[in-house]
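Residue-level structural notes
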Amino acid sequence: MRQVCLFLLILLAPQDARVPAQQASGVGMETRTWTKVQYFGGGVGITMNPKRLATWNNRLTISSKTIELKLEDGQCIEIDPARVTAIAYRGRKFSREELAALAVISPAAVLLPFLTPKSTEHYIGIQYQLPSGLPSGLLVRAHKDNHAAILEALRSVTKVTEVPADASVQGQEATTKKPEL
Amino acid sequence: MARKTLSVAVSIPMACVLFAPWVVPQDEQLACGPSNEKYRLVRHKDKPLPEASPGKAVVYVLRGLATGFGMYRGGVRLGVDGKWVGMTERRSYFYFAADPGLLKLCLDARKTEMFLTVEAGKTYYVMMEVGPVSGVRRLLAISEDEAKKRLPRYHYATAERKP
């Protein structure tokens, strides 16, 4: 009877109280996976099919042991977190200002920039060293729903807290804020 | 007449929304190359296809026809690590030599970026995906087979700096 009660208690327990399914064994953070990620180059020997360029169906997995990007076509990029030298994030805002220029042709176009929402593209750059010592990198575009979590996970597993100015990804901002003077 | 005017007034903006990858970036902080350097495109009749020299990698940059309506014909510059290395037009290619390591490629059109890790003695092929109006939308590394299918149909073009 006691066992039956215990079983029912476990079964009825709230989801949050259970151990996460993707919890990694051992010390360190849990393994986390995101699927809405676009690949923007960097992987050694990785080539893309131009017809499947804009796909978001790639899988980024971050754990204390590895950072892995598995592309839709099966190609895979694996990075040892210990080899990461810099992480950078840049959010690019886009507006539809050019649409306003169409007012010359059509007065109704004046309203379009106000009616269409602005969008932000979230780019995350990871720089690391290959086992051969060659500098390499990975550039991905994250979704608005996952870019903050990905950055947080990267900071957590790589322990990269500050991007040196000479190592930062060109034109991108460091992930961490400089200390206030 | 009024109905025709109304349909034009509605359909043109609608088309622009539907085919608008040409939204403009608000941040201009990304420096693909020095903004004060102007270039003009020089077309060549010959089609050189050099291989990588010892200790260097060679990167071919190809640009095909525009997708969609194919309206954009203008030149697009490519910057690598903050310096301009070449320029393309439709159905053209150029190449450049690079030291082994990580290259940060960047296009002046829409400030599109791409990372490319190159190793000494190897050849890489980068394709520009072109949008219907504003030009290049993004870059991607393509396979040698894919590049060799396209290269015979493209002409070789270089960028000449304007005084």
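It should be emphasised that the depicted structure is a prediction, and the values quoted were computed from it without experimental measurement. (Residues numbered from 1 in each chain as written. Chains lettered and ligands numbered in written order. Predicted model: local features only at pLDDT ≥ 70, side-chain atom pairs only at ≥ 80, totals over all residues. Heavy atoms only, no water.)

So, about the pairing of strand E3 (residues 57–63) of chain B. Residues and elements named next belong to chain B. Burial analysis of E3 places seven of its seven residues in the buried class, the great majority of the element. Residue alternation in E3 divides its side chains into two sets, Ala-57, Val-59, Val-61 and Arg-63 and Val-58, Tyr-60 and Leu-62, and both sets are buried. Pairing of E3 with strand E6 (residues 92–98), which is carried by seven bridges, proceeds in the antiparallel orientation. Among the inter-strand pairings, Val-59 is bridged to a residue of E6, identified as Phe-96. (Buried < 20%, exposed > 50% of the residue type's maximum accessible area, 1.4 Å probe, protein only. Helix = DSSP H or I, 4+ residues; strand = E, 2+ residues; numbered from the N terminus. Pairing = 2+ DSSP bridges.)

The next point concerns the confidence of the model for chain A. Residue and element names in this part refer to chain A. Summarising the model, chain A shows a mean pLDDT of 73, and 58% of its residues fall at 70 or more. Looking at the elements of chain A, mean pLDDT is at its lowest for strand E8 (residues 173–174), recorded as 42, and at its highest for strand E3 (residues 67–70), recorded as 95. Contacts from residues 13–27, a stretch scored under 50 in pLDDT, to residues over four places away or in other chains number 11 contacts. Below a pLDDT of 50 lies the segment residues 164–181, which in the model reaches 42 contacts outside its immediate sequence neighbourhood of four places, other chains included. (pLDDT = per-residue confidence, 0-100. Contact = heavy atoms within 4.5 Å.)

Here the focus is the sheet that holds strand E4 (residues 76–80) of chain B. Residues and elements named next belong to chain B. Read from one edge to the other, the open sheet built from four strands follows the order E5-E4-E7-E8, with strand pairing classed as antiparallel. The sheet is open, and its two edges are formed by strand E5 (83–88) and strand E8 (113–118), each paired on a single side. Adjacent strand axes in the sheet meet at a mean angle of 30° when their direction is disregarded. The pairing of E4 with strand E7 (residues 101–107) spans three bridges and is antiparallel. Among the inter-strand pairings, Val-80 is bridged to a residue of E7, identified as Leu-105. (Axes fitted to C-alpha atoms, helices over the stretch in contact; angles between N-to-C directions.)

Residues and elements named next belong to chain B. Across chain B, pLDDT averages 79, with 69% of residues at or above 70. This stretch, residues 13–29, has a pLDDT under 50; its non-local contacts, to residues over four places away or in other chains, come to 46 contacts. Prediction confidence for the complex, expressed as pTM and ipTM, is 0.73 and 0.76 respectively.

Now for the packing of aromatic side chains. Residues and elements named next belong to chain B. Per the counting criterion, the structure on display carries seven aromatic pairs over all chains. Geometrically, the ring pair formed by Tyr-93 and Tyr-156 is tilted, given 5.4 Å between the ring centres and 40° between the ring planes. Within this pair, whereas Tyr-93 is found in strand E6, its partner Tyr-156 is found in strand E11 (residues 155–161), the two being separated by 63 residues in sequence. Judged by centre distance (5.6 Å) and plane angle (15°), the ring pair of Tyr-95 and Tyr-156 falls under stacked. Remark: Tyr-156 occurs in strand E11 and Tyr-95 occurs in strand E6; sequence separation between them is 61 residues. Overall, Tyr-95 belongs to the partly exposed group, its relative accessible area being 27%. (Phe/Tyr/Trp six-rings, centres within 6.5 Å; stacked < 30°, edge-to-face > 60°.)

Here the focus is unusual backbone geometry. Peptide bonds are mostly trans, and most non-glycine residues show a negative phi. Residue and element names in this part refer to chain B. Positive phi, close to 50°, is recorded for Asp-81, a residue that is not glycine. Tracing the backbone through its elements, the reader meets Asp-81 in the loop between E4 and E5. Judged by relative accessible area, which is 40%, Asp-81 ranks as partly exposed. With a phi angle near 55°, Arg-91 is a residue other than glycine that sits in the positive phi range.

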